[in-house]
Amino acid sequence: PAADSSSPTSASKPPTPTPTAPPLLPPITGERREPVRGMSRLMIKSMNESLKIPHFGYSDEISMNALHTLRNSLKPFAESQGIKLSYMPIMIKAASIALMEYPIINSSLSEDEKEIVYHNAHNIGVAMDTPRGLVVPNIKSVQTLSVIDIARELQRLQLDGQTGSGIKEADLKGSTFTLSNIGAIGGTYMSPVISKPQVAIGALGKIQTLPRFDSNGEVVAAKIMEVSWAGDHRTVDGATMARFSNLWKDMLENPSLLMANMK
Ligand code: CAO
């Protein structure tokens, strides 16, 4: 029988077009270099020093429900004083009270590593993201300040960080302990880096609403924040860091304890 010319056969298939490669662009070469100046230069120096510190990490989660209520109730008073109250001043004050109980966290190891230097003042550094990059000014003698005083100082430093003249040198010097609120930008956990000659730093994660069990075993919506501490393991051990963190956490979860410990 004659072949059916309408049925597709291999002979009648149109030839598969050979893909043609697009014309190659010339490879991109060259690079852009810029001198490392200002804050970036300081960061290189201080981070190289930090590398010499044997870090350990410790993390925990904090229920922020009570602190959320406290902050909301304090906000109108703070506003009447011209202050925008965030969680930070309360967390800084709680850290100072916990430092009184665990002064080793507010210490330094001497350069020859023969002495531990306990600092009387709690000069609490606050990592700040500014148009010039990361800066860490500190709030001096937090142990003598109220939450409103701390909020006022923080606001002054934030304003300096955002404006032309920048943060003053005196505000950058003498930190004895640092908190880094990376959660204001995002993220939950962090591995913060200790700045010499300090021995500890805490990084605060983003406050999130997550399901948790209450004391009756019921699932509730809880405001949760993770904290990631780093300690210098030459002078601070994990158990001390855990106890310090527990005390700090207790005060944030139960602010009446914070009130009870205020001097
Ligand atoms: N989770 C959720 N919301 C947060 C938060 C957190 N952890 N921290 C702050 N917020 C909220 C505040 O409550 C505020 O909300 P409202 O306007 O509703 O009150 C808002 O975010 C802005 O807060 P803020 O950033 O102005 O104030 P702050 O006191 O909480 O933090 C500062 C100040 C300077 C710590 C912060 O702005 C900052 O720069 N963080 C970045 C730190 C950083 O870069 N760390 C990395 C160091 S290592 O490279």
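Conventions we followed
- Residues numbered from 1 in each chain as written.
- Predicted model: local features only at pLDDT ≥ 70, side-chain atom pairs only at ≥ 80, totals over all residues.
- Helix = DSSP H or I, 4+ residues; strand = E, 2+ residues; numbered from the N terminus.
- Rg over C-alpha atoms; globule rule 2.2 N^0.38 Å.
- Buried ≥ 20, exposed ≤ 12 C-beta atoms within 10 Å, placed from the backbone.
- Near = placed C-beta within 6 Å.
- Expected span 1.5 Å × (residues − 1).
- Contact = placed C-beta atoms within 7 Å.
- Pairing = 2+ DSSP bridges.
- Axes fitted to C-alpha atoms, helices over the stretch in contact; angles between N-to-C directions.
- Parallel < 35°, antiparallel > 145°, perpendicular 65-115°, else oblique.
- Left-handed = near helix turned anticlockwise from the far one by under 90°.
- Nonpolar A, V, L, I, M, F, W, Y, C, P; charged D, E, K, R; others polar.
- Core = buried A, V, L, I, M, F, W, Y, C linked by C-beta atoms within 7 Å.
- pLDDT = per-residue confidence, 0-100.

Peer 1: Sorry, what's going on with the overall build of the chain here?
Peer 2: Across its full length, the chain holds seven helices and eleven strands. The C-alpha atoms of the chain give a radius of gyration of 28 Å, which is well past the 18 Å a tight globule of 263 residues would have. Each principal axis of the C-alpha atoms in the chain carries an extent, and together these give about 110 × 55 × 40 Å. Taken over 263 residues, the chain has a buried fraction of 29%.

Peer 1: Before we go on, may I ask you to explain the site of the ligand in this structure?
Peer 2: Lining the immediate surroundings of the ligand are 19 residues, of which Ser 86, Met 88, Gly 183, Ala 184 and Ile 207 lie closest. Those elements giving two or more residues to the shell around the ligand turn out to be strand 5 (128-130) and helix 4 (147-162).

Peer 1: Can you walk me through the environment of Gln 158 in this structure?
Peer 2: Inspection of the secondary structure puts Gln 158 in helix 4. Given 18 C-beta atoms within 10 Å, Gln 158 falls into the partly exposed group. Through-space distance from the C-alpha of Gln 158 to that of Asp 129 is 9.1 Å; in sequence the pair is 29 residues apart.

Peer 1: How should I be thinking about helix 4 in this particular structure?
Peer 2: Helical periodicity: at 3.6 residues per turn, an α-helix aligns residues three or four positions apart in one direction. With 16 residues, helix 4 should reach 22 Å at 1.5 Å per residue; the first-to-last C-alpha distance of 22 Å fits that figure. Each element contacted by the buried residues of helix 4 is listed here: helix 2 (65-80), helix 3 (88-101), strand 4 (124-126), strand 5, strand 7 (138-139) and helix 5 (169-172).

Peer 1: What am I meant to see in the pairing of strand 9 (residues 200-204) here?
Peer 2: Regular strands place side chains that alternate from one sheet face to the opposite one. Of all five residues in strand 9, five are buried; the element is thus mostly enclosed. Relative to strand 9, strand 8 (residues 177-180) runs parallel, the two sharing three bridges. In the strand pairing of strand 9, Thr 178 is matched with Ile 201. By the bridge criterion, five bridges tie strand 9 to strand 11 (residues 219-232) in an arrangement that is antiparallel.

Peer 1: Explain the packing of helix 3 against helix 4 to me, please; I cannot follow it from the model alone.
Peer 2: Packed helices, taken two at a time, are described by their axes: the angle between them and the distance between them. Across the interface, helix 3 lies against helix 4 with an axial gap of 8 Å and an inter-helix angle of 120°. Compared by their axis directions, helix 3 and helix 4 come out oblique. By crossing handedness, the relation of helix 3 to helix 4 is classed as right-handed. The residues of helix 4 that touch helix 3, namely those facing Met 88, Pro 89, Ile 90, Ile 92 and Lys 93, are Val 147, Ile 150, Ala 151 and Leu 154. Classifying every residue of the contact of helix 3 with helix 4 gives eight nonpolar, no polar and one charged.

Peer 1: I would appreciate a short explanation of the nonpolar core in the present structure.
Peer 2: Side chains of a nonpolar character, in soluble globular proteins, are inclined to be buried together. Core analysis: the largest hydrophobic core is formed by 51 residues, its most contacted members being Met 91, Ile 92, Ala 94, Ala 95, Val 126 and Ala 200. Counting residues per element, this core draws most heavily on helix 3, at nine residues. Once residues within four sequence positions are removed from consideration, Ala 200 is found in contact with Ile 105, Phe 177, Ile 194, Trp 229, Ala 230, Gly 231, Asp 232 and Val 236.

Peer 1: Sorry, what's going on with the confidence of the model for the chain here?
Peer 2: The predicted coordinates should not be examined in detail at positions where pLDDT is low. Summarising the model, the chain shows a mean pLDDT of 93, and 96% of its residues fall at 70 or more. Across residues 1-10 the pLDDT falls below 50, and counting only partners more than four positions away or on other chains, this stretch makes one contact in the model. Taken over the whole predicted complex, pTM reads 0.91, whereas the ipTM for its chain interfaces reads 0.97.

Peer 1: How do you make sense of the environment of Asp 129 when you look at a structure like this?
Peer 2: Tracing the backbone shows Asp 129 in strand 5. Note on Asp 129: 14 C-beta atoms within 10 Å, which makes it partly exposed. Sequence spacing of Asp 129 and Ala 221 is 92 residues, and the spatial spacing of their C-alpha atoms is 30 Å. Setting aside residues up to four positions removed in sequence, Asp 129 forms contacts with Leu 134 and Ile 185.

Peer 1: For this particular structure, what's the right way to read the packing of helix 3 against helix 6 (residues 238-253)?
Peer 2: Direction vectors running N to C along helix 3 and helix 6 enclose 140°, while the axes themselves pass 9 Å from each other. In terms of orientation, helix 3 lies oblique with respect to helix 6. In this structure, helix 3 crosses over helix 6, and the sense of that crossing is right-handed. On helix 6, the residues touching Met 91, Ala 94, Ala 95, Ile 97, Ala 98 and Glu 101 of helix 3 are Phe 244, Leu 247, Trp 248, Met 251 and Leu 252. Split into classes, the residues belonging to the contact of helix 3 with helix 6 amount to ten nonpolar, no polar and one charged.

Peer 1: Is there a simple way to think about the environment of Thr 209 in this case?
Peer 2: Of note, Thr 209 is situated in strand 10 (residues 208-213). Residues Thr 209 and Met 241, spaced 32 residues apart in sequence, show a C-alpha to C-alpha distance of 26 Å.

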